[in-house]
Structure formats: C-alpha cells, structure tokens
Amino acid sequence: MSDEHLDVVRRWWASFNEHGIPSLDLCDERIEIRNPPDFPVSGSYRGHEGVRQWRTDVFEIVDDASVEVEKLIDVGDGATVVMFLRLQGKALYTRIEFDEPWAAVWRIEGGKL
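The present account deals with the structure reproduced in this document.

What counts and how
- Residues numbered from 1 in each chain as written.
- Predicted model: local features only at pLDDT ≥ 70, side-chain atom pairs only at ≥ 80, totals over all residues.
- Heavy atoms only, no water.
- Salt bridge = Lys/Arg side-chain N within 4 Å of Asp/Glu carboxyl O.
- Helix = DSSP H or I, 4+ residues; strand = E, 2+ residues; numbered from the N terminus.
- Buried < 20%, exposed > 50% of the residue type's maximum accessible area, 1.4 Å probe, protein only.
- Phe/Tyr/Trp six-rings, centres within 6.5 Å; stacked < 30°, edge-to-face > 60°.
- 1 Å grid on protein atoms, 1.4 Å probe; cavity = no way out; pocket = protein on both sides within 12 Å on 5 of 7 lines; lining within 4 Å.
- Points joined across faces, edges and corners; volume = space filled by probe spheres on them.

## Considerations on the pattern of salt bridges
And then number 1: The tally for this structure, following the rule as stated, stands at 11 salt bridges.
And then number 2: Residue Glu-49 pairs with Arg-52 through a salt bridge whose shortest N-O separation is 3.2 Å. Residue Glu-49 and its partner Arg-52 are located together in helix α2 (residues 47–59), separated by 3 residues, close to a single helical turn.
And then number 3: For Arg-107, the salt bridge is made with Glu-109, and the minimal N-O distance between the two is 3.7 Å.
And then number 4: Residue class for Arg-107 comes out partly exposed when judged on its relative accessible area of 45%.
And then number 5: Its relative accessible area of 40% is what places Glu-109 among the partly exposed residues.
And then number 6: Connected through salt bridges with shared partners, the residues Asp-28, Arg-30, Asp-77, Arg-107 and Glu-109 form a single ionic network.

Spelled out as structure tokens, the structure:
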C-alpha cells in the first residue's frame, strides 16, 4: 500500500477537524460506517447521507470536537488501514472535557474510503 492510502485517512479527519464533517469527496458512494456493538450510538450508516447522519448522531452532544490521528497501520493487503485516534472535546451540556482513545479499520479502494 502506498502512503496515498494513509493520506486519505489523514485528510478525512483533517476535514472533520476543519469543517466539522469529513470530506465526502474522500468517500465512495458505497461507504459504510459501523459503530461497535457496545458504542452508545448503534447501527450502520451507508452512503454520503449516512456519513452526514453518523456525524450528527455521534457528535451531536460534543462541543469543540477534534480528532488527533495518533497512528496509522498499513495492514499489507493493499486496501486496509487500521487507525488509532484521540477524540477530544467537551460534553455539550455538562461542559466536562474528555480525551478518549479510539480505533477503527478502513478499507480504501480507488483512493476513497
């Protein structure tokens, strides 16, 4: 895998940090985001509209959310990237600050998630 695949993930989160939503230009129309079963917001999100809804559902109670990419790992199959992140922000209503580790797996095809 080239650094191009890792860069797609970096740019996706950079767009989130800058604009409050990931760049849909980096998302294939078939994108699917699945939260883990024990995550407070369950379910799958599909397509560009799903990315928008995921952003709303997961981050609606977070103020000043930002994501720091800590490590990206090329799995070696030419398409899969494992990412380790830190989600930082404040709870919207309580104003309690948080700094939570997070990990996910991305598949990249044709330069898109």
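On we go from here.
## Some words on the packing of aromatic side chains
And then number 1: All told, the structure shown has 10 aromatic pairs when counted by the stated rule.
And then number 2: Between Trp-12 and Trp-54, the ring centres sit 5.9 Å apart and the planes meet at 35°, which makes this aromatic pair tilted. Within this pair, whereas Trp-12 is found in helix α1 (residues 3–19), its partner Trp-54 is found in helix α2, the two being separated by 42 residues in sequence.
And then number 3: Looking at Trp-12, the relative accessible area reads 0%, which means it is buried.
And then number 4: Classification of Trp-54 as buried rests on a relative accessible area of 3%.
And then number 5: Arranged with centres 4.8 Å apart and planes meeting at 65°, the rings of Trp-12 and Trp-106 form a pair that is edge-to-face. Placement of Trp-12 in helix α1 and of Trp-106 in strand β5 (residues 97–107) is noted, with a sequence separation of 94 residues between them. Judged on exposure class, the residue Trp-12 and its partner Trp-106 are both buried.
And then number 6: Three or more aromatic residues joined by ring pairs make a cluster, and in this case those are Trp-12, Trp-13, Phe-16, Trp-54, Phe-59, Trp-102 and Trp-106.

## What to know about the layout of surface pockets
In this approach a probe as big as a water molecule rolls over the atoms, and the regions it shows empty are the leftover space.
And then number 1: Its boundaries defined by the atoms lining it, the largest pocket holds a volume of some 560 Å³.
And then number 2: Considering the residues around the largest pocket, the lining is formed by 21 residues, among which Glu-32, Ile-33, Arg-34, Val-105 and Trp-106 are closest to the centre.
And then number 3: Roughly 350 Å³ of internal volume is contained in the second largest pocket.
And then number 4: Along the walls of the second largest pocket sit 14 residues, with Phe-39, Pro-40, Val-58, Val-62 and Leu-87 positioned nearest its centre.
And then number 5: Only α2, β4 (80–91) and β5 provide two or more residues apiece to the lining of the second largest pocket.
And then number 6: For the lining of the second largest pocket, the element with the highest residue contribution is β5, accounting for 4 residues.

## Comments concerning unusual backbone geometry
And then number 1: The residue Asp-64 is not glycine, and still its phi comes out positive at about 60°.
And then number 2: Of note, Asp-64 is situated in strand β3 (residues 62–74).
And then number 3: Asp-64 gets classed as exposed once you look at its relative accessible area, which sits at 52%.
And then number 4: Unusually for a residue other than glycine, Arg-95 sits at a positive phi of about 65°.
And then number 5: Its location among the elements puts Arg-95 in the loop between β4 and β5.

None of this, on its own, says anything about what the molecule does.
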